[in-house]
Every structure is written in structure tokens, then in C-alpha cells.
Amino acid sequence: MSRKTIYEQTSQLLKEHQWEEVIQLLSPRVLEQKEDWKLYWNAGWANYKKADFTEAVNLFTKACKVTRSEKDEAVCLTFIGIAQVEAQDYQSALENLMDAVLISDSNLARKSLAMTFMKMDDLGSAEKVHQEGLKLKPNDKERLAAYGNYLMDTGRYDEADEIKKKIEKLA
């Protein structure tokens, strides 16, 4: 029988919503020994799910420091930003999410950036984030859906319906 790596073990525990067990397995000593960004990320996510956003930011930041690729760095920056939004540190979240979008323009980073602007009552910037993403990938269903949700949230129902129709045509 093959032994699961600590990453495989903690990933399985995350799927099972066993946040405490992940935190226990990924003690600071274990994390420092392994220096694997994925383990830091798993620990960060477990803390995020337990609503310890300060610790989640700390762990996602450590993950970011030991990544070996820009794509992985962008993932970490995205989750740093997401945790910072929950901690209501919007300015820091904006900086990290903008960096993530610049490095690797993922849908999650872009949606999170727009949401941060919305939480800061800057609807114009939020809409601009969505529109810029759609200029890059005009037929991306996920980006269209995010923009449609933004339009719904801002009471622009007719425009949201048009986006919905466009998504249906792409199906």
C-alpha cells in the first residue's frame, strides 16, 4: 500500500472540511521543514475556512514567497487578497489582487478584484475590471457570468438579461 504524502493527506482533509486536522498536521515546524507552497496554501485555506483571516493571510503570504512559478505566485496573491477582503483590509487586497491579475489574468483574481472595488463603493472601477476582462476573453462564460452578476447587483437587470442570453448562445 502506498503512503500518501502530507500534501495528499491534507488535500483530502480539506475536501472533507476537516480544517482543524489540517492545521494540526501542518504545524509551523512541518511547514518550515517542507517549504512547499502547496502546504502553506492548504494551511492558509484551513485557517480561512475557520475565519482566522489574519493567519490565512500570513500563510498565503508564506506560500507566495516559496512558489517557483508566476502562475503559482498569482494563485497565492489571489488568495491573500481574498483573505484580506474578509479581514476588511481592502487597500491591501486591491494591491495583491491587481498584482495577481497582472501576473496571470485568472477569472478568480479578476472577480475578486471587482468585488473588492464594490465593497469599497467604487462601482465604476468594479465595472471596468469586468469590462477589461471581457475585452481579453469576450466569449468566456465565467467572465460573462461574473459581469452579469455585477449588473444584477447594481440593479441593471435588462443588461444582465442580455449577458445571460449571450451565455446561452455560447452553450
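Residues numbered from 1 in each chain as written. Predicted model: local features only at pLDDT ≥ 70, side-chain atom pairs only at ≥ 80, totals over all residues. Heavy atoms only, no water.

Asks: So what about the overall build of the protein? Which residues, and what values?
Replies: For the protein, the count of helices and strands is eleven helices and zero strands. Its helices and strands in sequence order give the protein the pattern α-α-α-α-α-α-α-α-α-α-α, from N to C terminus. By principal-axis analysis of the C-alpha atoms, the protein measures approximately 55 × 40 × 30 Å. Counting the 171 residues in the protein, one finds 42% classified as buried. Summarising the internal contacts of the protein: among those between residues at least 6 apart in sequence, 44% fall at separations of at least 24. Within the structure as shown, the protein displays about 10000 Å² of accessible surface, and the carbon and sulfur contribution to it stands at 48%. Computed over 25 positive and 29 negative side-chain charges, the inter-centroid distance for the protein is 5 Å. (Helix = DSSP H or I, 4+ residues; strand = E, 2+ residues; numbered from the N terminus. Buried < 20%, exposed > 50% of the residue type's maximum accessible area, 1.4 Å probe, protein only. Contact = heavy atoms within 4.5 Å. Areas by Shrake-Rupley, 256 points an atom, 1.4 Å probe, with all protein chains shown as cover. Lys, Arg positive; Asp, Glu negative; His and termini not counted. Charge placed at Lys NZ, Arg CZ, Asp CG, Glu CD.)

Asks: Can you tell me about the packing of aromatic side chains, naming the residues and giving the values?
Replies: The final tally for this structure, using the stated rule, is eight aromatic pairs. With centroids separated by 5.7 Å and ring planes inclined at 85°, the aromatic side chains of Trp45 and Phe79 adopt a geometry described as edge-to-face. In this pair, Trp45 is assigned in helix H4 (residues 37-49) and Phe79 in helix H6 (residues 70-86), connecting sequence segments 34 residues apart. The buried category is assigned to Phe79, whose relative accessible area is 13%. The interplanar angle of 10° and the centroid separation of 6.0 Å between the aromatic rings of Tyr147 and Tyr150 together place this pair among those described as stacked. (Phe/Tyr/Trp six-rings, centres within 6.5 Å; stacked < 30°, edge-to-face > 60°.)

Asks: So what about helix H5 (residues 53-65)? Which residues, and what values?
Replies: The first and last C-alpha atoms of H5 sit 18 Å apart over 13 residues, in line with the 18 Å expected at 1.5 Å per residue. Buried residues belonging to H5 abut helix H3 (28-34), H4 and H6. (Expected span 1.5 Å × (residues − 1).)

Asks: So what's going on with the packing of helix H10 (residues 141-153) against helix H11 (residues 157-170)? Which residues, and what values?
Replies: Between two packed helices, what matters for the description is the angle formed by their axes and the separation of those axes. Remark: H10 packs on H11, axes separated minimally by 8 Å, with the N-to-C direction vectors making an angle of 165°. By the angle between their directions, the pair H10 and H11 is classed as roughly antiparallel. Crossing of H10 against H11: the hand is left-handed. Across from Lys141, Leu144, Ala145, Tyr147, Gly148, Leu151 and Met152 in H10, the residues of H11 making contact are Tyr157, Glu159, Ala160, Ile163, Lys166, Ile167 and Leu170. Considering only residue class, the contact of H10 with H11 consists of ten nonpolar, one polar and three charged. (Axes fitted to C-alpha atoms, helices over the stretch in contact; angles between N-to-C directions. Parallel < 35°, antiparallel > 145°, perpendicular 65-115°, else oblique. Left-handed = near helix turned anticlockwise from the far one by under 90°. Nonpolar A, V, L, I, M, F, W, Y, C, P; charged D, E, K, R; others polar.)

Asks: Can you tell me about the pattern of salt bridges, naming the residues and giving the values?
Replies: Across all of its chains, the model carries eight salt bridges by this definition. Between Asp105 and Arg143 there is a salt bridge; the shortest N-O distance is 3.4 Å. Residue Asp105 is found in the loop between helix H7 (90-103) and helix H8 (107-119), and its partner Arg143 is found in helix H10; the two are separated by 38 residues along the sequence. Note on Arg143: relative accessible area 5%, which makes it buried. Residue Lys128 pairs with Glu132 through a salt bridge whose shortest N-O separation is 3.9 Å. In this pair, Lys128 and Glu132 both sit in helix H9 (residues 123-136), four residues apart, roughly one turn of the helix. Connected through shared salt-bridge partners, Asp105, Arg110 and Arg143 make up one network. (Salt bridge = Lys/Arg side-chain N within 4 Å of Asp/Glu carboxyl O.)

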